[in-house]
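What the coordinates show
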Amino acid sequence: MRAIWSGDVSFGLVTVPIKLYSATQSHDLTMHQVHDEDGGRIRYQRHCEVCGEKVDYKDIDKAYDSGESTVVLTKEELGELPADDSKEIAVEQFVPEDQIDSMVLDKSYYLEPAGKSAKAYVLLRRTLEESSRVAIVTFTLRTKTRLGVLRVREDVIVLQGLRWADELREPEFDIPKSRLTKKEQEMATSLVDAYAEDFDPERFKDEYQDQLHTLVEEKLAHGEDIDTDATFGNVEDEDDGDGNVIDLMEALKQSVDSRRKSSGKGAGESEGSKGEGSQGPAKGGSSKNSSKDSGSSQKKKAS
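Residues numbered from 1 in each chain as written. Predicted model: local features only at pLDDT ≥ 70, side-chain atom pairs only at ≥ 80, totals over all residues. Heavy atoms only, no water.

What to know about the overall build of the protein chain
Keep this limit in mind: Secondary structure elements follow DSSP: runs of H or I no shorter than four residues count as helices, runs of E no shorter than two count as strands, and numbering proceeds from the N terminus. The rule is simple: take the accessible area with a 1.4 Å probe, protein chains only, and divide by the maximum for that residue type; under 20% is buried, over 50% is exposed, in between is partly exposed. Contact between two residues is taken to exist if any of their heavy atoms lie within 4.5 Å; hydrogens are not considered. Methods summary: accessible areas were calculated by the Shrake-Rupley approach with a probe of 1.4 Å, and residue burial reflects only the protein chains presented.
Secondary structure summary: the protein chain contains 7 helices and 9 strands in total. When the 303 residues of the protein chain are sorted by exposure, 21% land in the buried category. Taking the contacts inside the protein chain whose residues are at least 6 apart along the sequence as the reference set, 56% of them involve residues at least 24 apart. For the protein chain, the exposed surface amounts to about 24,000 Å²; the carbon and sulfur share of it is 48%.

Following this line, the structure appears as structure tokens:
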């Protein structure tokens, strides 16, 4: 891993020297554009609309168009902005983690302790763990002032970017309302119970990228003349029968039955059902139903 930024976490009067690493990476296959007739690489060039000349990156400035006029912002002017010089991640607040709306979460980074001693880093990490809170911070990365949150993940302090409050958009459409029957709600709850289990991220794969890699490997091995049906199989679209629209109750019922068959459950068996008796709740969220049967309730703690 290569550090993309270095600086300090300012924790009151405590300074924590750190290095910043990107915590995520894309698994998408990198491709470029070519001419479909001869395979020639497509290159994009930057031309000035006024003089028509090709322009190098070093000669390009940024501009803002207000609709009536345009102002040019030079590299020197942008470089003189105060936020550009900051090398500090400043702790502004400690807040309960469940107050962080998932809608505002952005890119994640690992913080590595820098310097001769990691004592300040360990202190901040332990403080976050024992307080059961996360730290709201401000920092500057790639010339932009940003908002973020510090939390602990497997003994490593993680910085996760947050969007600013004015970057969230309100839905500009009418929220639909509809009357639901008690039976429909009960059937929908049964469907949730049928799918209830612990989250396992390793279970989910990017099938498109897997097939894309297979396609590239086949073409590298056999050239342009490959049989895509033989490589991927000739998968036909599922037939929805006579094409008639199924009503909501029937769709729910069929979904529950299908899930139970695929998971090996009986027609009257679901996770968290009363028939489990003293065996306790099955894995994957059935404890909620068991708690209801015993007359007790438990508030789910936000992770």
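Quick look at the confidence of the model for the protein chain
As a reminder, the rule being used: A score from 0 to 100, pLDDT tells how confident the predictor is in each residue.
In the predicted model, the protein chain carries a mean pLDDT of 81, and the fraction of residues at 70 or more is 79%. Predicted confidence for residues 239-243 stays below pLDDT 50, and this span has 0 contacts to residues more than four positions away or in other chains. Predicted confidence for residues 270-303 stays below pLDDT 50, and this span has 31 contacts to residues more than four positions away or in other chains.

Some points on the pattern of salt bridges
Cut-off, in case you're wondering: Whenever Lys or Arg places a side-chain nitrogen within 4 Å of a carboxyl oxygen from Asp or Glu, that contact is recorded as a salt bridge.
If you walk through the whole model with that rule in mind, you get 6 salt bridges. Of the charged contacts in the structure, one is a salt bridge between arginine 151 and glutamate 97, with a shortest N-O distance of 2.9 Å. Separated by 54 residues along the polypeptide, arginine 151 in strand β8 (residues 144-153) and glutamate 97 in the loop between β5 (88-96) and β6 (105-113) bring together distant segments of the chain. Accessibility expressed as a relative area gives 17% for arginine 151, which makes it buried. With a relative accessible area of 27%, glutamate 97 lands in the partly exposed category. With a closest N to O distance of 2.3 Å, glutamate 197 and arginine 203 form a salt bridge. Taken together, the salt bridges that share partners define one network made up of Glu197, Arg203 and Arg259.

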